[in-house]
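Overview (structure and organization)
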Amino acid sequence: MPSPLSEAARAAYSKAFGLEPTVLAQAPGRVELLGNHTDYNGGLVLATAIDRGTVIAGRSIPEREGQVRSTGFPDPDRFDLEALETDAPGAWGRYVRGVVWTLREAHGPFQGGFQAAIAGDVPLGAGLSSSASLQAALALFLLQAGVTGQTADLDDPARMALAKRLQRGENEFVGVQSGLLDQFSVLFGRAGMALSLDCRSLEYERLSLGSPPPAIVICDSKTSRRLADGMYNQRRAECERVVAFFQAKRGPEAVTWLRDVTLEELQDAWSRLDTVGRIRARHVLSENERVRQGVEALRAGDSARLGHLMSDSHASSRDDFANSSSYLETLIESAEEAPGYLGGKLSGAGWAGCTVNLVEATKADDFAAAVRHHYTRRTAIVPDVHICHAAAGASGL
Ligand code: GLA
């Protein structure tokens, strides 16, 4: 059955270009259940794709051009595929070019160009990976439309290769030094399943969230993290300083990632480490352990335990990684007072955006109403509350 989002993309395409689209592709957003800022440290993550996403509708064209409309932004975008500008106005235009860039790097010149309309319902800049959702939907669209000259049938190894390429596009073309969590999650999602990933070995597993699963309730503080983008790269640099310290101690071949250091080693070297780097590292290394325990909790069907681990993760992000905010704290406090709460944390980069909460399924509506009430009373901002389900990864439609 066509979803409202695919109908919106289809209608936007027809309105802008006067034709029916011939290709549609979708990708979900994602939420990080555990493993905050562990991915670029070679660590462990636990995430799920969510039933909010991006749909792209359009056609291939003979001209070597990209012609793109988004239902979320007024201005059309048009660019030469042979001369991709890295400074395109607007983040979504940069992400679109970044996908073209990375597919061309991988597969060589395109056979032609494309016209496309984008519709999405992942809140932007809220920590739910609207950008990876756009990247994966566009990549699937371009593969399906035949403009890359590659097959669009993606098995898991091909999905992993694509996830890595899209991450490279975000790192090198868009200039955000993110890890693999987002692209992996939006490509590997499955209904009812959480996803665990070891970002060093790239081993992954799909794990049932339970039957019935607890509700995944995402609360949007309605504060945006755009101003904090520099903070992400700064945190990454702080972690890399600790890696450099241990490389000097143990040799560069022994330590590639922060993951290669143990919590015991960190404690032993504590007084010789810089005061900022060591607490950032403590967060990352203890977070890896929480992911391990979270995977065990899922295997045991223990949602209450998973919820506790999420709350512990939030405390560690707040106190050691310093990526919470007063709004996110108020949102967590509001959740703690709401019925059915099993645990919750900030999601994604942090500093603003959303919290993710695990809630007893039968109490999700009451939980949502209570969080809305408490947060609005305290901040005069009405939060958006999304009761989400684990969803399938990117695909053609
Ligand atoms: C952002 C990045 C991810 C990850 C998270 C924090 O969402 O894009 O790669 O680092 O922050 O866990």
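Residues numbered from 1 in each chain as written. Predicted model: local features only at pLDDT ≥ 70, side-chain atom pairs only at ≥ 80, totals over all residues. Heavy atoms only, no water.

**A few points about the sheet that holds strand β9 (residues 341-346)**
On the basis of which strands lie adjacent, the open sheet formed by four strands has the order β9-β10-β8-β11 and antiparallel pairing. Edge positions in the sheet fall to β9 and β11 (384-388), since each of these pairs with one other strand and no more. Each strand axis lies, on average, 20° off the axis of its neighbour in the sheet, ignoring direction. Where strand β8 (residues 215-220) lies against strand β10 (residues 354-359), six bridges are found, and the strand directions are antiparallel. Counted as the bridge partner of I218 is V356 from β10. Relative to β9, helix α9 (residues 303-321) is tilted by about 30°, and along the sheet it contacts β9 and β10. (Pairing = 2+ DSSP bridges. Helix = DSSP H or I, 4+ residues; strand = E, 2+ residues; numbered from the N terminus. Axes fitted to C-alpha atoms, helices over the stretch in contact; angles between N-to-C directions. Contact = heavy atoms within 4.5 Å.)

**Here's the deal with unusual backbone geometry**
Each neighbour pair has its own omega, and for S211 with P212 the value is 0°, a cis peptide bond. With respect to the secondary-structure elements, P212 resides in the loop between β7 (204-208) and β8. Its identity is not glycine, yet W351 carries a phi of approximately 70°, on the positive side. Positive phi values are uncommon outside glycine, yet A380 reaches one of about 65°. Turning to its location among the elements, A380 is positioned in the loop between α11 (364-379) and β11. For A380, a relative accessible area of 70% gives the class exposed. (Buried < 20%, exposed > 50% of the residue type's maximum accessible area, 1.4 Å probe, protein only.)

**Here we look at the packing of helix α8 (residues 275-299) against α9**
The interhelical angle for the contact between α8 and α9, taken along N-to-C directions, is 175°, at an axis separation of 10 Å. Here α8 is positioned roughly antiparallel relative to α9, judged by the angle of their axes. Seen from α8, the contacting residues are I279, R280, R282, H283, V284, S286, E287, R290, Q293, G294, A297 and L298; seen from α9, they are R305, L306, L309, D312, S313, S316, S317, D319, D320 and F321. Within the contact of α8 with α9, the residues separate by chemical class into seven nonpolar, seven polar and eight charged. (Parallel < 35°, antiparallel > 145°, perpendicular 65-115°, else oblique. Nonpolar A, V, L, I, M, F, W, Y, C, P; charged D, E, K, R; others polar.)

**As for the environment of R236**
Examined against the element boundaries, R236 turns out to sit in helix α6 (residues 229-250). When its relative accessible area of 15% is taken as the criterion, R236 is described as buried. Through-space distance from the C-alpha of R236 to that of T379 is 31 Å; in sequence the pair is 143 residues apart. Once you skip the residues sitting within four places of it in the chain, R236 turns out to touch Y40, Q177, S178 and G179. There is a polar contact of 2.3 Å between the side chain of R236 and the backbone oxygen of Q177. (Polar contact = N/O pair within 3.5 Å; in protein donor to acceptor, adjacent residues only side chain to side chain.)

**Quick notes on the pattern of salt bridges**
Considering all chains together, one arrives at 29 salt bridges under this definition. Among the salt bridges present, the one from E82 reaches R64, with a minimum N-O distance of 2.7 Å. In this pair, E82 is assigned in the loop between β4 (73-80) and α2 (91-107) and R64 in the loop between β2 (44-61) and β3 (65-70), connecting sequence segments 18 residues apart. Under the relative-accessibility criterion, E82 is labelled partly exposed at 46%. Ionic contacts of the salt-bridge type, sharing partners, join the residues E7, R10 and E20 into one network. (Salt bridge = Lys/Arg side-chain N within 4 Å of Asp/Glu carboxyl O.)

**A closer look at the site of the ligand**
As a structural note, the neighbourhood of the ligand is formed by 14 residues, with E32, H37, D39, D182 and Y232 the closest of them. In the environment of the ligand, an oxygen atom lies 2.8 Å from a nitrogen or oxygen atom belonging to the side chain of R30. Interatomic distance of 2.7 Å between a backbone N/O atom of H37 and an oxygen atom of the ligand. Summarising the interface, the protein chains cover 94% of the accessible area of the ligand, which totals 300 Å² for the free molecule. The cavity where the ligand resides is the largest pocket. At the level of elements, β1 (23-34) and α5 (181-188) are the ones that each hand at least two residues to the shell around the ligand. Among the residues forming the shell around the ligand, the class breakdown is four nonpolar, six polar and four charged. (Near = heavy atom within 4 Å. Areas by Shrake-Rupley, 256 points an atom, 1.4 Å probe, with all protein chains shown as cover. 1 Å grid on protein atoms, 1.4 Å probe; cavity = no way out; pocket = protein on both sides within 12 Å on 5 of 7 lines; lining within 4 Å. Sits in = over half its atoms within 2 Å of the grid points.)

**Regarding the UniProt feature "domain: Galactokinase N-terminal" (unreviewed entry) in the protein chain**
Per the UniProt entry, the sites bearing "domain: Galactokinase N-terminal" (unreviewed entry) are residues 12-59 in this numbering. Taken end to end, residues 12-59 comprises 12% helix and 58% strand; its first and last C-alpha atoms sit 13 Å apart. (UniProt positions renumbered as here; feature names shortened; annotations may be inferred.)

**Description of helix α3 (residues 130-145)**
For α3, built from 16 residues, the straight-helix expectation of 22 Å at 1.5 Å per residue is met to within 8% by its first-to-last C-alpha distance of 22 Å. Burial of α3 is extensive: 15 of the 16 residues sit out of reach of the surface. G146 occupies a position one or two residues after α3 and carries a positive phi of about 80°. (Expected span 1.5 Å × (residues − 1).)

**Here we look at the UniProt feature "domain: GHMP kinase C-terminal" (unreviewed entry) in the protein chain**
Mapped onto this structure's residue numbering, the UniProt feature "domain: GHMP kinase C-terminal" (unreviewed entry) falls at residues 296-375. Helix makes up 57% of residues 296-375 and strand 15%, with an end-to-end C-alpha separation of 33 Å.

**Focus: the packing of helix α10 (residues 326-336) against α11**
It is at 8 Å that the axes of α10 and α11 come closest, and there the two elements cross at 135°. Relative to α11, the element α10 is oriented oblique. The chirality of how α10 crosses α11 is right-handed. Where α10 approaches α11, its residues Y327, T330, L331, E333, S334 and A335 are matched on the opposing element by F367, V371, H374, Y375, R378 and T379. In the contact of α10 with α11, the residues fall into six nonpolar, four polar and two charged. (Left-handed = near helix turned anticlockwise from the far one by under 90°.)

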